[in-house]
Amino acid sequence: MTSKSNLFGLSLEELQQLCAREGFPRFTAKQICDWLYKKRVDTIDAMTNLSLAQRARLSEIAFIGRHAPVDCQVSKDGTKKYLFSVERLAVSGKSYVEAVYIPDGDRATLCISCQVGCKMGCRFCVTGQQGFHGNLSAADILNQIFSIPEADSLTNIVFMGMGEPMDNLDAVLRSTAVLTAPWGLGWSPHRITVSTVGIIPGLKRFLDESQCHVAVSLHNPVAAERLDIMPMQKAYPIADVIALLRKYDWSGQRRISFEYTMFRGMNDDTAHAAELVRLLRGLYCRVNLIRFHASPDVPFKTSSAQAMERFRDYLNAHGVTCTIRASRGEDIMAACGLLAGQASSV
Ligand code: SF4
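These numbers were taken from a predicted model, which means no experiment stands behind them.

To continue, consider the overall build of the chain. Helices and strands together make up the secondary structure of the chain, namely 11 helices and 14 strands. Rg of the C-alpha trace for the chain: 21 Å, near the compact-globule value of 20 Å for 346 residues, within the 12% margin. Principal axes of the C-alpha set define a box for the chain whose edges measure 70 × 45 × 40 Å. Classification of the 346 residues of the chain by burial places 54% in the buried group. Counting every atom, the chain has about 15,200 Å² of accessible surface; 52% of that belongs to carbon and sulfur. Separation between the mean location of the 38 positive side-chain charges and that of the 34 negative ones in the chain comes to 2 Å.

Quick look at the structure:
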């Protein structure tokens, strides 16, 4: 007996192929897309403009892989951290991912995960300390967006949760296609930002195939020091990443930003600011400074507010647009680098 296929996450073209195989009219695929992505139903029975026979046949061969979060922690600042179980990966015992909902005035951003754990091993990151436990499918990625109570109010998506998007690029591109295609949510790609440590082959493909914004985790402009905290610097030096980015046009609507977590006494002085300016000179970009959130598992310290402001002011004075990112959800371990995939009761 063949296993049922998951309709959620399929493209219009894939649904057209499925309908052709089943002898359904071609327009049925568009109807199914509308139910999945516009009306957001989570059962085949709810697709009421399909005939009873079509719904019965679809239920025999397919399902909608949507499932609610298993836990939600709410920060005093309104940030919410949702925990999702990934049953397929339960065999490893590490089968949870987190998505963080960040309301901010008119904006509501959801930070989502693309892998359970991560292979990149960044030394300041709690996720990185856990190792890698599996890739999410496009359906797993989209489920984080579609299955939270705030799904309808989201204005922005950032792929900055657990995992490295360029290490699971097929699933990431499939999920951004659902978000941006006319048959999906129809969002502008400029409402979506995908982060990376700078895996050059994946980044190049992403830049060629997607119009979403890109955020590169930079954290230290000095190659030897960056290597100390980010092992991927060895295979993909930040200078090569930036050389690749310089080949693309950033003067339009698509943006490139650099994430720079500030560690006291490591990367937060004027010499590092000057080196960062040198590295980024002439590239149309923005630098976001992130306060490091101390964790018992990580041996680094937080920069002072004054050091962060000095660093920001130096960059702005030397032609590199720089802002300090507001920290959100630190009390529920939802802030940058703190996602570990654990329920509040675990
Ligand atoms: Fe992976 Fe990102 Fe953590 Fe690095 S910072 S280990 S890429 S999740």
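The next thing to look at is the environment of Arg255. Mapped onto the secondary structure, Arg255 falls in the loop between helix H9 (238-245) and strand S12 (256-262). Each C-alpha atom, one on Arg255 and one on Tyr284, is 8.3 Å from the other, the two residues being 29 residues apart in sequence. Ignoring anything within four residues of it in the chain, the contact list for Arg255 reads His213, Val214 and Trp250.

A separate point is the pairing of strand S14 (residues 321-324). Where strand S13 (residues 286-291) meets S14, four bridges bridge the pair, whose relative direction is parallel. Pairing of Arg286 across the sheet is with Thr321, part of S14. In this fold, S13 hands off to helix H11 (residues 305-317), which returns the chain to S14; that crossover is right-handed.

Our next topic: the environment of Cys111. Among the structural elements, Cys111 can be located in strand S6 (residues 107-111). Excluding residues that lie within four positions of it along the chain, Cys111 makes contacts with Glu98, Ala99, Val100, Val158, Met160 and Gly161.

Moving on to the sheet that holds strand S5 (residues 96-104). Strands sit in the order S3-S4-S5-S6-S9-S10-S11-S12-S13-S14 across an open sheet of 10 strands; the sheet is mixed. Looking along the sheet, the strands with just one partner apiece sit at the ends: strand S3 (71-74) and S14. Taken pair by pair, the neighbouring strands of this sheet meet at an average axis angle of 20°, ignoring direction. With four bridges joining them, strand S10 (residues 192-196) and strand S11 (residues 213-217) adopt parallel strand pairing.

Ranked by internal contacts, the top residues of the largest apolar core, which has 104 residues, are Leu7 and Phe258. Apart from residues lying up to four places away in sequence, Leu7 is in contact with Leu15, Leu18, Ile32, Leu36, Tyr37, Ile44, Met47, Leu58, Ala62, Phe63 and Ile64. The next biggest cluster of nonpolar side chains, apart from the first, holds five residues, and it includes Val100, Val158, Ile332 and Ala334.

We note that Arg40 has phi near 55°; this positive angle belongs to a residue other than glycine. With a phi close to 65°, His219 is a non-glycine residue in the positive phi region. Within the secondary structure, His219 sits in the loop between S11 and helix H8 (223-229). Among the residues examined, His219 registers a relative accessible area of 3% and is labelled buried.

Looking now at the site of the ligand. Around the ligand, the surrounding shell consists of Cys118, Met120, Gly121, Cys122, Cys125, Gly128, Gly163 and Val197. When the residues that make up the shell around the ligand are grouped by side-chain class, the tally is five nonpolar, three polar and no charged.

Here we take up the side chain of Thr28. Mapped onto the secondary structure, Thr28 falls in helix H2 (residues 27-38). Each residue touching Thr28, except ones within four places of it in the same chain, is listed here: Cys19, Leu50 and Gln54.

On to the pairing of S5, then. One ladder, built from six bridges, connects strand S4 (residues 80-85) with S5; its direction is antiparallel. Of the residues in S5, the one forming a bridge with Phe84 is Val97. The pairing of S5 with S6 spans five bridges and is antiparallel. Residue pairing in the sheet places Ile102 in a bridge with Thr109 of S6.

In this section: the packing of aromatic side chains. According to the stated counting rule, one finds nine aromatic pairs in the structure shown. Between Phe8 and Tyr37, the aromatic rings sit 6.0 Å apart at their centres with planes inclined by 40°, giving tilted as the arrangement. Of this pair, Phe8 sits in the loop between strand S1 (5-6) and helix H1 (12-22) while Tyr37 sits in helix H2; the two residues are 29 residues apart in sequence, bridging distant segments of the chain. What makes Phe8 buried here is its relative accessible area of 3%. On the accessibility criterion, Tyr37 (0% relative accessible area) is buried. Chaining the aromatic ring pairs together yields one cluster made of Phe8, Tyr37, Phe146 and Trp183. When the ring centre of Trp35 is taken as origin, the NZ or CZ atom of Lys39, which lies over that ring, is 3.9 Å away. Looking at Arg191, its charged tip hangs above the ring of Trp187, at a distance of 3.7 Å from the centre.

This part takes up the pattern of salt bridges. Across all of its chains, the model carries 15 salt bridges by this definition. Ionic pairing is found between Asp170 and Arg205, a salt bridge with its closest N-O pair at 2.9 Å. Of this pair, Asp170 sits in helix H6 (residues 169-180) while Arg205 sits in helix H7 (residues 200-209), and the two are 35 residues apart along the sequence. Classification of Asp170 as partly exposed rests on a relative accessible area of 49%. Judged by its relative accessible area of 31%, Arg205 is partly exposed. Measuring nitrogen to oxygen at the nearest pair gives 2.9 Å for the salt bridge that ties Lys204 to Asp208. With a gap of four residues between them, Lys204 and Asp208 both fall in helix H7, about one helical turn apart. Connected through salt bridges with shared partners, the residues Glu22, Arg57 and Glu60 form a single ionic network.

Cut-offs used in this document
- Residues numbered from 1 in each chain as written.
- Predicted model: local features only at pLDDT ≥ 70, side-chain atom pairs only at ≥ 80, totals over all residues.
- Heavy atoms only, no water.
- Helix = DSSP H or I, 4+ residues; strand = E, 2+ residues; numbered from the N terminus.
- Rg over C-alpha atoms; globule rule 2.2 N^0.38 Å.
- Buried < 20%, exposed > 50% of the residue type's maximum accessible area, 1.4 Å probe, protein only.
- Areas by Shrake-Rupley, 256 points an atom, 1.4 Å probe, with all protein chains shown as cover.
- Lys, Arg positive; Asp, Glu negative; His and termini not counted.
- Charge placed at Lys NZ, Arg CZ, Asp CG, Glu CD.
- Contact = heavy atoms within 4.5 Å.
- Pairing = 2+ DSSP bridges.
- Right-handed = clockwise from strand over helix to strand, strands pointing away.
- Axes fitted to C-alpha atoms, helices over the stretch in contact; angles between N-to-C directions.
- Core = buried A, V, L, I, M, F, W, Y, C linked by side-chain atoms within 4.5 Å.
- Near = heavy atom within 4 Å.
- Nonpolar A, V, L, I, M, F, W, Y, C, P; charged D, E, K, R; others polar.
- Phe/Tyr/Trp six-rings, centres within 6.5 Å; stacked < 30°, edge-to-face > 60°.
- Lys NZ or Arg CZ within 6 Å of the ring centre and 35° of its normal.
- Salt bridge = Lys/Arg side-chain N within 4 Å of Asp/Glu carboxyl O.

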